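Next come the chains, spelled out residue by residue.
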2 protein chains.
Amino acid sequence: MGNKGNGGQSPIHRRYNFCAGPAALPTAVLERARDELLDYHGRGLSVMEMSHRGEDFVAIAEQAEADLRELLAIPDNYRVLFTQGGASLQFAAVPYNLLGHGGSANFLYTGIWGKKAMAEARHLFGGAPVAASSEASGHTEVPRQSDIVLSDDAAYLHYTANETIGGLAFDYVPEAVQPDGREVPLVCDMSSSILSGALDVSKFGVIYAGAQKNIGPAGLVVVIVREDLLDRARADMPSLLGYKTLAEAGSMVNTPATYSWYLAGLVFQWLKNDIGGLAAMDAINRRKAETLYAAIDASDFYANPIARRNRSRMNIPFVLADDRLDEPFLEEAEAAGLLNLKGHRSVGGMRASLYNAVPEAAVEALVDFMADFEKRKG
Amino acid sequence: MGNKGNGGQSPIHRRYNFCAGPAALPTAVLERARDELLDYHGRGLSVMEMSHRGEDFVAIAEQAEADLRELLAIPDNYRVLFTQGGASLQFAAVPYNLLGHGGSANFLYTGIWGKKAMAEARHLFGGAPVAASSEASGHTEVPRQSDIVLSDDAAYLHYTANETIGGLAFDYVPEAVQPDGREVPLVCDMSSSILSGALDVSKFGVIYAGAQKNIGPAGLVVVIVREDLLDRARADMPSLLGYKTLAEAGSMVNTPATYSWYLAGLVFQWLKNDIGGLAAMDAINRRKAETLYAAIDASDFYANPIARRNRSRMNIPFVLADDRLDEPFLEEAEAAGLLNLKGHRSVGGMRASLYNAVPEAAVEALVDFMADFEKRKG
């Protein structure tokens, strides 16, 4: 079929990609994937052509899980699932899996993704009270622990660690405790912040994350679930959404998204070997975010509305003082090799997503461009 | 992270891959994907790093749909969905989407995959009568049209066009007609035979197919649904399984499996431009299957149990006269560059899957090897 695209002969130019997801992947990971694409380790076929039950793919899958467990120090009493449908299908899977003994899903409502998770739980089972909300602040500041009030029948508490669109992040892990002291499982949509730094998994009942930010390509979702929660499922759910079913089958109830799983494994290897683990990743992410927020705060031309303690390190929305300059800003940024800075269609403005694979040099190039643009247009 | 695998320097050896799925992909498609992996058309990023709502990916997605429509001559009153979870999640999605007006799912039961589809419909909604079965023949011959008896409350008739494990294929498109003449929608799991030849889509209400045989990598599933069926859904289903929801959002309710969608598009291009369309593909597939069945039938050493009219062209199981030779057969085949010939773990023996991407030369190499093996061991 020939090379109508960027053929093997053409030079490869990687640009800085601030997309919110699907998002930048490490260049080293893509190079490795490219070199192995037609012939994995001399086996004569691509990873995407392998049986998911064959020796080679099973080794890839197990290594990926082992590396993720090591990176996040996942305790032995948690199962790791590599499944499909994105975080959005988990909006249904979580209540199916955790409401089998009755009770209601409780939510911390801090933005668009939390609202979607809540809407799906209500669509399926009604109820789903809000245990605390940031709505009054326009989702610029997350509720404090003391604001969180669970319903008497709470079966679990769900929250969104980092709101990808709003750029709002929790600066603490909430405790899901009833007034009478009873603790319920904490469930977290960690799609846009997982692996950005170290984490105490033992505080959570369920963590889930769509892959397309810090893990790998879209279509894969990782679920980390505490073993004792595997027996709380409703009977009436689609079998493939069942955590217990998936756990017992090693996530191979049906054919998993094998190539995405393999790429996730390469990302985990990169985090371990090239970056040096999550403490090192955390430091890099802190520097990147500080650099960009400092540039925004030092200027009257750019602004970010989020309370400082809740500013996301992964997704940094900002507006220009004059929104007639939005279009020229985006055009010039793209011409300068800074891609996908447009804010989400629901909020407008700009957004720079600084996921793990976005290098510090990208942020430096961005703040240089912003300063120059302000000088010329401000 | 270096090249610990088959680095850029090593020669690439593609072997013949008879895997039942995930399965062989065309080498030309993988070469194109490799060349574009780090930098798609000079854009400076990979397709898997692109926003699914950006101009470039939307063009990729639309082209893939247009090419699929052209290949299968899909009528305008059908919608094409590119969604996630594999065909197995469709085992749930189909009854959710088609039983909203009551009635029951009816099944033609011809093997393991049909049984799984039936089991999931029963798990969710009970009922699901068998309208005809090949069980009495040991699933070696599909029911005739005259054997098919729908239940009075049939809402649709589901069948599996090609049983991947049994190697049993329908040689006709069943009519789903009640004794009183009322027609109900025909639903087909076409995972392992779609695009293997021309098709009259207008005979079907719903066609669905997991990608990992003739379309692309695992994790993507294509659904082709007649528009008038979009309003028959139950209210209580996970939103992401809704055909109407997906159709209205152009399959982008949430982030789709973008890279798999792109690869599917490359496969469609290959079918159109390199193969010359489905009539040409059909002729190639006929020759491949005839070559292998002829070799099996000419020998007392190899056997295939399926009635001739129902022999699959895509998945050809066969047994050796002496199953103590299974292990040496597989070892020697692998050494000869013929991969993944082991039968499904539930049935044993051998299975050669001859999907579109398996070249005629692979089948010739296989029958040569089989003849040689028989001469030495038979």
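Residues numbered from 1 in each chain as written. Chains lettered and ligands numbered in written order. Predicted model: local features only at pLDDT ≥ 70, side-chain atom pairs only at ≥ 80, totals over all residues. Heavy atoms only, no water.

Caption draft 1: Structural context of the pairing of strand 10 (residues 220-226) of chain B. Residue and element names in this part refer to chain B. The element strand 10 is largely enclosed, with a buried count of six among its seven residues. Looking at chain direction, strand 2 (residues 78-84) and strand 10 are connected through seven bridges and run antiparallel. Considered in strand 10, the bridge of Tyr-78 is made with Arg-226. Pairing analysis gives five bridges linking strand 9 (residues 206-210) to strand 10, with the strands arranged antiparallel. When the bridges of strand 10 are listed, Ile-207 appears paired with Ile-224. (Buried < 20%, exposed > 50% of the residue type's maximum accessible area, 1.4 Å probe, protein only. Helix = DSSP H or I, 4+ residues; strand = E, 2+ residues; numbered from the N terminus. Pairing = 2+ DSSP bridges.)

Caption draft 2: Focus on helix 4 (residues 112-125) of chain A. Residues and elements named next belong to chain A. Over its 14 residues, helix 4 extends 20 Å from the first C-alpha to the last, a length consistent with the 20 Å expected when each residue adds 1.5 Å. For helix 4, the complete set of buried residues consists of Gly-114, Ala-117, Met-118, Glu-120, Ala-121 and Leu-124. End-on, the buried residues of helix 4 take up no more than an arc of 160°, which puts them together on one face. Looking at the buried residues of helix 4, the elements they touch are helix 3 (86-98), strand 3 (104-109), strand 4 (130-133), strand 5 (154-160), strand 6 (162-163) and strand 9 (206-210). Positioned one or two residues after helix 4, Gly-126 has a phi angle of 70°, which is positive. (Expected span 1.5 Å × (residues − 1). Arc of directions from axis to C-beta. Contact = heavy atoms within 4.5 Å.)

Caption draft 3: Spatial organisation of the sheet that holds strand 14 (residues 350-353) of chain B. Spatially, the three strands line up as an open sheet ordered 11-12-14 (chain B), and their pairing is antiparallel. At either margin of the open sheet sits one strand with a lone partner, and together these are strand 11 (302-303) and strand 14 of chain B.

Caption draft 4: Up close: the relation of the copies chain A and chain B. The two copies are related by a screw operation: chain A maps onto chain B through 180° of rotation and 0.0 Å of translation along the axis, at an RMSD of 0.0 Å. Considering both components of the superposition, the chain copies are consistent with a two-fold axis. Among all residues of chain A, the minimum C-alpha distance to the rotation axis is found for Arg-34 of chain A, at 2.6 Å. Most of the interface of chain A is mirrored in chain B, where 100% of its interface residues again form contacts. (Least-squares fit on C-alpha atoms with pLDDT ≥ 70 in both.)

Caption draft 5: Quick look at the domain arrangement of chain A. All names here are of chain A. Domain parsing of chain A yields domain 1 (16-21 + 276-377) and domain 2 (40-272). Computed from C-alpha coordinates alone, the two centres of domain 1 and domain 2 are separated by 27 Å. Domain 1 puts 26 residues into the contact, and the matching count from domain 2 is 29 residues. Between domain 1 and domain 2, roughly 2,200 Å² of surface is buried when both sides are summed, and carbon and sulfur atoms account for 53% of that area. For domain 1, the biggest contributors to the area lost against domain 2 are Leu-278, Arg-309 and Asn-310; these three give 33% of the whole. At the surface where domain 1 touches domain 2, the tally comes to two salt bridges. Linking domain 1 with domain 2 are 19 residue pairs in polar contact (both at pLDDT 80 or more). Among the elements that line the side of domain 1 that touches domain 2, the one with the most residues is helix 7 (residues 278-297), at four residues. Partitioned by chemical class, the residues of the side of domain 1 that touches domain 2 number eleven nonpolar, ten polar and five charged. (Domains from an automatic or database assignment. Buried area = accessible area lost by both parts, 1.4 Å probe. Salt bridge = Lys/Arg side-chain N within 4 Å of Asp/Glu carboxyl O. Polar contact = N/O pair within 3.5 Å; in protein donor to acceptor, adjacent residues only side chain to side chain. Nonpolar A, V, L, I, M, F, W, Y, C, P; charged D, E, K, R; others polar.)

Caption draft 6: Representation of the nonpolar core within the structure. Within the largest apolar cluster, 133 residues are counted, with the highest numbers of intra-cluster contacts made by Leu-195, Ile-215 and Ile-224 of chain A together with Leu-195, Ile-215 and Ile-224 of chain B. If we skip the residues at most four places from it in the chain, Leu-195 of chain B touches Leu-68, Leu-71, Leu-72, Asn-214, Ile-215, Phe-268, Leu-271, Leu-278, Met-281 and Asn-356 of chain B. Among the nonpolar cores identified, the runner-up in size contains 66 residues, and Leu-246 of chain A together with Ala-121, Val-225 and Leu-240 of chain B belong to it. (Core = buried A, V, L, I, M, F, W, Y, C linked by side-chain atoms within 4.5 Å.)

Caption draft 7: Unusual backbone geometry, seen in detail. The step from Gly-21 of chain A to Pro-22 of chain A runs through a cis peptide bond, and the omega angle for that step is -10°. A positive phi angle, close to 55°, is found at His-139 of chain A, a residue other than glycine. Examined against the element boundaries, His-139 of chain A turns out to sit in the loop between strand 4 and strand 5. The phi dihedral of Leu-195 of chain B is positive, around 70°, even though this residue is not glycine. When you line up the elements, Leu-195 of chain B lands in the loop between strand 8 (186-189) and strand 9. Relative accessible area serves as the criterion here: at 1%, Leu-195 of chain B is assigned to the buried category.

Caption draft 8: How the structure looks around the interface of chain A and chain B. Across the contact, 81 residues belong to chain A and 81 residues belong to chain B. The contact between chain A and chain B buries some 6,200 Å² in all, and 56% of this surface belongs to carbon and sulfur atoms. Applying the counting rule to chain A against chain B returns two salt bridges. In this structure, Arg-14 of chain A engages Glu-49 of chain B in a salt bridge whose closest nitrogen and oxygen atoms are separated by 2.6 Å. Summed over the shared surface of chain A and chain B, the result is 26 residue pairs in polar contact (both at pLDDT 80 or more). Put simply, the parts of the chain that give the side of chain A that touches chain B at least two residues each are helix 1 (27-36), helix 3, helix 4 and helix 6 (258-275) of chain A.

Caption draft 9: Region of interest: the packing of helix 8 (residues 326-335) of chain A against helix 9 (residues 360-377) of chain A. Residues and elements named next belong to chain A. Contact pair helix 8 / helix 9: the axes reach a minimum separation of 11 Å and the direction vectors enclose 135°. Here helix 9 runs oblique to helix 8, going by the angle between their axes. As helix 8 runs across helix 9, the sense of the crossing is right-handed. For the pair helix 8 and helix 9, contact is made by Pro-328, Phe-329, Glu-332 and Ala-333 and by Phe-369, Met-370, Phe-373, Arg-376 and Lys-377, respectively. Per-class residue counts for the contact of helix 8 with helix 9 are six nonpolar, no polar and three charged. (Axes fitted to C-alpha atoms, helices over the stretch in contact; angles between N-to-C directions. Parallel < 35°, antiparallel > 145°, perpendicular 65-115°, else oblique. Left-handed = near helix turned anticlockwise from the far one by under 90°.)

Caption draft 10: Here's a closer look at the UniProt feature "binding site: L-glutamate" (unreviewed entry) in chain A. Under the feature "binding site: L-glutamate" (unreviewed entry), the UniProt entry names Arg-53 of chain A. The residue Arg-53 of chain A is located in the loop between helix 1 and helix 2 (55-72) in this model. (UniProt positions renumbered as here; feature names shortened; annotations may be inferred.)

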